[in-house]
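Coordinate analysis (summary)
Each chain, letter by letter, is given below.
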Amino acid sequence: MTNLHAPMQPSKLQNYNSPRGAEAYKADYQNKLHRKWSDKRERALLTRYFAQIGHVDRILDLPSGHGRLSDLLHAHCKTLIEGDWSFTMVSLNKRDHGTDRRRYCRASALEIPLPDGAVDVAVSFRLSHHLETQELRERHLRELFRVAKKHVIVTWFSATSLKNMLRQLRVKLAGKKPKNVLRNERVRAIAQEAGFRQTLAKPLFLIGSGHVLGLFTRT
Ligand SMILES: C[S@@+](CC[C@H](N)C(=O)[O-])C[C@H]1O[C@@H](n2cnc3c(N)ncnc32)[C@H](O)[C@@H]1O
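Note that the coordinates shown come from a computational prediction; the quantities given were computed from them, not determined experimentally.

Across the sheet, which stays open at both edges, the 7 strands sit in the order 3-2-1-4-5-7-6 with mixed pairing between neighbours. Lying at the two open borders of the sheet, with one neighbouring strand each, are strand 3 (102–106) and strand 6 (196–203). Across this sheet, the average inter-strand angle for adjacent strands is 15°, counted without regard to direction.

A few words on unusual backbone geometry. Residue Pro63 is reached from Leu62 by a cis peptide bond, and omega for that bond is 10°. If you trace the backbone, Pro63 turns up in the loop between strand 1 (56–61) and helix 4 (70–74). Even without being glycine, Arg101 reaches a positive phi, approximately 55°. Summarising the element assignment, Arg101 is placed in the loop between helix 5 (87–97) and strand 3. Look at Arg126: it is not a glycine, yet its phi comes out positive at around 60°. Relative to the helices and strands, Arg126 is located in the loop between strand 4 (119–124) and helix 6 (134–147). Overall, Arg126 belongs to the buried group, its relative accessible area being 14%.

The element strand 2 (residues 77–84) is largely enclosed, with a buried count of 6 among its 8 residues. Of the strand pairs in this sheet, strand 1 and strand 2 are connected by 5 bridges, and their pairing is parallel. The residue of strand 2 that forms the bridge with Arg58 is Thr79. One ladder, built from 5 bridges, connects strand 2 with strand 3; its direction is parallel. When the bridges of strand 3 are listed, Leu80 appears paired with Arg102. Crossover strand 2 to strand 3 through helix 5 is right-handed.

Attention now moves to a nonpolar patch on the surface. Together, Leu162, Leu166, Leu169, Leu173 and Ile207 make up an exposed nonpolar region whose accessible area comes to about 560 Å². Relative to the helices and strands, Leu162 resides in helix 7 (residues 162–174).

This structure, assessed with the given rule, holds 19 salt bridges. For Arg146, the salt bridge identified is with Asp116, shortest N-O distance 2.9 Å. Taken together, the residues span a long stretch of sequence, with Arg146 in helix 6 and Asp116 in the loop between strand 3 and strand 4 at a distance of 30 residues. Residue classification places Arg146 among the partly exposed residues on the basis of a relative accessible area of 25%. Between Glu143 and Arg146 there is a salt bridge; the shortest N-O distance is 2.8 Å. On the criterion of helical spacing, the pair formed by Glu143 and Arg146 is a turn pair, its members being 3 residues apart in helix 6.

As for its position among the elements, Asp100 is in the loop between helix 5 and strand 3. Among the residues examined, Asp100 registers a relative accessible area of 55% and is labelled exposed.

What counts as what
Residues numbered from 1 in each chain as written. Predicted model: local features only at pLDDT ≥ 70, side-chain atom pairs only at ≥ 80, totals over all residues. Heavy atoms only, no water. Pairing = 2+ DSSP bridges. Helix = DSSP H or I, 4+ residues; strand = E, 2+ residues; numbered from the N terminus. Axes fitted to C-alpha atoms, helices over the stretch in contact; angles between N-to-C directions. Buried < 20%, exposed > 50% of the residue type's maximum accessible area, 1.4 Å probe, protein only. Right-handed = clockwise from strand over helix to strand, strands pointing away. Patch = residues over 30% accessible without salt bridge, like charges linked within 9 Å, V, L, I, M, F, W, Y side chains within 5 Å. Areas by Shrake-Rupley, 256 points an atom, 1.4 Å probe, with all protein chains shown as cover. Salt bridge = Lys/Arg side-chain N within 4 Å of Asp/Glu carboxyl O.

Just geometry here; none of it tells us what the structure is for.
Here it is as structure tokens:
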């Protein structure tokens, strides 16, 4: 059954919602080498994407987590809206980044509490692959396209990535759990239905990560 308010594994969601889990996620990006690398790569890609987008009025960052990308996004807009399902992530983010040209909300990325076209750019990093069903992953995409007036920047775990192909072998041979993936053409089709086209789509890394970062622009 679809559970809009607990779409991730309950233990993962509880972890993000707990002060210890939220602080640990933040600390990982300061201490772990692979996290630092992916953070660096994500920032480089985001900077490149914003070179195309330019400076805008409003950006929505959902889920914002502890505000890992807050400063970068803030530099590209007049007002940044930071939202997350975890109360703890939202308060940690607010404590660390303050309220100057920033708004905070506790929100579900599956039922975004904003009207259609409310922001210029809707950004979602590292949520899609946590959503347990295809229906929820697609719903999240549709919500981003609904609230974005001009652009959507979103990550998903690609079904055709090397990492997923290797995982599929281990699913067959060792009974591992399948990844929560999306097919790239399905993402493009959902974008098109919503009136967007894919402008850029870059893998975070060719080896070792199946994540893709897409930039979509309203046609
Ligand atoms: C892996 S973290 C990514 C955070 C941030 N985007 C980043 O890249 O650092 C996933 C985040 O999604 C949040 N989350 C989980 N389910 C959500 C939902 N349905 N709506 C909004 N946020 C959700 C979690 O609380 C957590 O902060």
